[in-house]
Amino acid sequence: MTCRTRFAPSPSGDLHVGGARTALFCWALARKHDGAFLLRIEDTDQKRSSDAASLGFLRDLRWLGIGWDEGPEDDGFGGGDHGPYFQSQRLSVYQEHLQRLIDAGMAYPAFETGEELTAARNLARAEKRPYRYDRAALQLDPADVQQRLDRGDDHVIRFRVPDDSEVIIQDEVLGEVRIAPGEVDDFVIRKADGFPTYHFAVVVDDASMGVSHVVRGQEHLANTPRHVLLQQALGFDRPVYAHLPLIQNPDGSKMSKRDKDKALRKEIKDRGLTSAKSVDPESWEAWLGDKTRQLPHECAERLAEELGIDLPEVSVDDFRRAGYLPEVLINYLALLGWSAGDDLEKFDGAFLCENFTLDRIGKSNARFDRQKLLAFNLDAIQDMTPEVFLERFRAHCEAEHPEFIDQTTPEQFALIAESNRERAKTLDDPARSCRFFVMDDEDITWPVTKGTRKALAKGEPSGFSRLQDLSGVLSGIESFTASSIEAALQAWADEHAEGNFGAAGMPLRVAVTGGTTSPPLPDTLAILGKASVLRRIERCVASAPDFAS
RNA sequence: GGCCCCAUCGUCUAGUCAGGUCCAGGACACAAGGUUUUCAUCCUUGGAACAGGGGUUCGAAUCCCCUUGGGGUCACCA
């Protein structure tokens, strides 16, 4: 049997890390068995479909290095003869199979409205009994039903679940799962708008696309009996099932896009804020007044920037923009639920394709640990050659921080990269911590903090007074390179500060950066260039009165 | 609440299926010390777990049962 797996996201947004891991495992399993990995877009919810969003995760998958053999065509991936791969374009396929079910008496129309069903559900809940559809539509007079259908009344089609059918699932991860007869009620398979429901579409498509292995999150386990029953009714082969443990937040809660919203709400509450520049008052009220509401993407990001907080990354694109490496992300994701054994935890996609097996997937949920991901990212960066790091940092800046390209010469840019290579945990770190490199000399400011005060104002002689001295030393350097700067400063320190480099280093660092952290000082000064350094020192010294009090 | 799933250090896990080699190994995190002109890195050392209770067995982290805890799911969303 050839192995055919599929990843079937709904196009409701970008690729979530949980989805990414599912795609990764599907991909690896197919590769391992020289099979095919297909991508199918589950866009049967007319309210949620959008083309732009579906392209988003194609890009994310490509970025992760997860290529698909069949599916939407994009950048050389996709195609295949089991299409179309958008469910919204497969309505006739569903209709054909649906008709078979109706003809066989295994599906029937039902006319209850959504409101009526919700009321019945609420009643059941209030009476503390489980809700199941009562099959009222089966009691209707056939002539009456026909009349309503002819009249064009809104109706859904329900699947008539066979009575007394225990479902036994042989799950590759969980083992045997049994669901007692009567647990599954007559669920809807075609909506009033004529679109199939997820359950129906997924079963028909998996069968007609020849999917042999269904690998998906455990949140789908409860759906599986429905799918199995439908397969039996339609005469389809049952695919192999493997339900993956879930990925959770560090606190054990479900990892979701809403986490960003929650982070913002918490910050606002903690600080007792009543307004923000990046959100207009009307939206602000509406948003905070309704916990089920979420701030639009862009707006949320602007607010986070205004508050100076980082939003938790939950989608693949968040991690890309935060400067994580795709090969590290897939490595870390693979570890959430799968293990190679033998204490091996660093590996790449090729290794996964060689060694991935379902029997090494764990059963219990895993919490997403950003610190470990960050540590892996650091390790990967430290393993890069200077050339590779430069290229990848450049590509990251081109996409996310063009000012680092625009405001520097290629030589300066290369030096910035190199001076950060061994300390960067992400490709974004240098751009965050070294903004002073691309700021105008006239825009540097010196906030009075414990650190800056210590470096500039405290002690005898103070940093400010030493800066006057050092400015002279630096201006006398002919070739303004890191090594000659270091030599000059060390010589100065030997003469004036008992060889203590820091006596020169910290005041200079604060003077040229406005803060207390930077790459090694000689590098920092060399990158800035003599003119900038002297100008910044001059302006810094002029700010001395701010530190007087 | 019904149904279903799960349970080894704080976290991810190896070991569980084929009980003994495990007074439980690795990684991240944490703590202490060291290197370093800042930050970060780096080096050394350390603490840290088989959820609880019953069985089965010469022997259980490994098999069975119960309890407790966690999670998922109960839509004309997927």
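Residues numbered from 1 in each chain as written. Chains lettered and ligands numbered in written order. Predicted model: local features only at pLDDT ≥ 70, side-chain atom pairs only at ≥ 80, totals over all residues. Heavy atoms only, no water.

## Considerations on the pattern of salt bridges
Next, step 1: Evaluated as defined, the whole model comprises 43 salt bridges.
Next, step 2: For Asp186, the salt bridge identified is with Arg135, shortest N-O distance 2.6 Å. Here the residue Asp186 occupies a position in the loop between strand E8 (175-179) and strand E9 (188-190), and Arg135 occupies one in the loop between helix H4 (114-126) and helix H5 (142-151), the gap between them amounting to 51 residues. Note on accessibility: Asp186 and Arg135 belong to one class, buried.
Next, step 3: Close ionic contact of Arg178 with Glu166 constitutes a salt bridge, the shortest N to O distance being 3.2 Å. Highlighted residues: Arg178 in strand E8 and Glu166 in the loop between strand E6 (156-159) and strand E7 (167-171), separated in sequence by 12 residues.
Next, step 4: The exposure class assigned to Glu166 is partly exposed, which follows from its relative accessible area of 41%.
Next, step 5: Here the salt bridges do not stand alone but share partners, grouping Arg59, Asp60, Lys260, Glu301, Asp317, Asp318, Arg320, Arg321 and Glu400 into one network. (Salt bridge = Lys/Arg side-chain N within 4 Å of Asp/Glu carboxyl O. Helix = DSSP H or I, 4+ residues; strand = E, 2+ residues; numbered from the N terminus. Buried < 20%, exposed > 50% of the residue type's maximum accessible area, 1.4 Å probe, protein only.)

## A few points about the layout of surface pockets
Next, step 1: By volume, the largest pocket amounts to about 1,600 Å³.
Next, step 2: Taken together, 50 residues make up the lining of the largest pocket; nearest its centre are Ser10, Ser12, Asp14, His16 and Lys257.
Next, step 3: Taken together, the elements giving at least two residues each to the lining of the largest pocket come down to strand E1 (4-7), helix H1 (17-32), helix H2 (51-64), strand E10 (213-217), strand E12 (247-248), helix H8 (258-271), helix H10 (297-307) and helix H11 (316-321).
Next, step 4: Counted by class, the lining of the largest pocket contains 17 nonpolar, 17 polar and 16 charged residues.
Next, step 5: Taken as a whole, the second largest pocket encloses approximately 770 Å³ of empty space.
Next, step 6: Lining the second largest pocket are 21 residues, and of these Glu301, Glu305, Asp310, Asp428 and Arg432 sit closest to its centre.
Next, step 7: Broken down by element, the residue count for the lining of the second largest pocket peaks at 5 residues, all from H10.
Next, step 8: For the lining of the second largest pocket, the class distribution of residues is 6 nonpolar, 2 polar and 13 charged. (1 Å grid on protein atoms, 1.4 Å probe; cavity = no way out; pocket = protein on both sides within 12 Å on 5 of 7 lines; lining within 4 Å. Points joined across faces, edges and corners; volume = space filled by probe spheres on them. Nonpolar A, V, L, I, M, F, W, Y, C, P; charged D, E, K, R; others polar.)

## Side note on the protein's contact with RNA strand B
Next, step 1: Neighbouring RNA strand B are 66 residues, the closest being Thr44, Arg121, Lys191, Glu345 and Arg423.
Next, step 2: Taking the atoms of RNA strand B that fall within 4 Å of the protein, sugar and phosphate contribute 72% of them.
Next, step 3: Contacts to RNA strand B include Arg360, whose side-chain N or O atom sits 3.2 Å from a phosphate oxygen.
Next, step 4: Contact distances for RNA strand B include 3.1 Å between a phosphate oxygen and a backbone N or O atom of Arg367.
Next, step 5: Of all the secondary-structure elements, those providing two or more residues to the surface near RNA strand B are H4, E6, E8, helix H6 (198-208), strand E13 (366-367), helix H14 (370-382), helix H22 (501-513) and helix H23 (521-528). (Near = heavy atom within 4 Å. Polar contact = N/O pair within 3.5 Å; in protein donor to acceptor, adjacent residues only side chain to side chain.)

## Notes on helix H20 (residues 463-475)
Next, step 1: Helix length check: H20 (13 residues) gives 18 Å between terminal C-alpha atoms against 18 Å at 1.5 Å per residue, within 8%.
Next, step 2: Considered for burial, the residues of H20 that qualify are Gly463, Phe464, Arg466, Leu467, Leu470 and Leu474. (Expected span 1.5 Å × (residues − 1).)

## Details of the domain arrangement of chain A
Next, step 1: On domain assignment, one finds that chain A holds domain 1 (4-81), domain 2 (90-244), domain 3 (258-377), domain 4 (387-426) and domain 5 (441-547).
Next, step 2: Once you take the C-alpha centre of each, domain 2 and domain 4 turn out to be 54 Å apart. (Domains from an automatic or database assignment.)

## Describing the sheet that holds E9
Next, step 1: Taking strand neighbours across the sheet as the criterion, the 3 strands line up as E5-E6-E9 in an open arrangement whose pairing is antiparallel. Taken across any chain shown, the strands that pair with only one partner, and hence form the sheet edges, are strand E5 (107-110) and E9. With direction set aside, neighbouring strand axes in the sheet form an average angle of 45°.
Next, step 2: Direction of pairing for E6 relative to E9: antiparallel, over a ladder of 2 bridges. Following the sheet pairing, Ile157 is matched in E9 by Arg190. (Pairing = 2+ DSSP bridges. Axes fitted to C-alpha atoms, helices over the stretch in contact; angles between N-to-C directions.)

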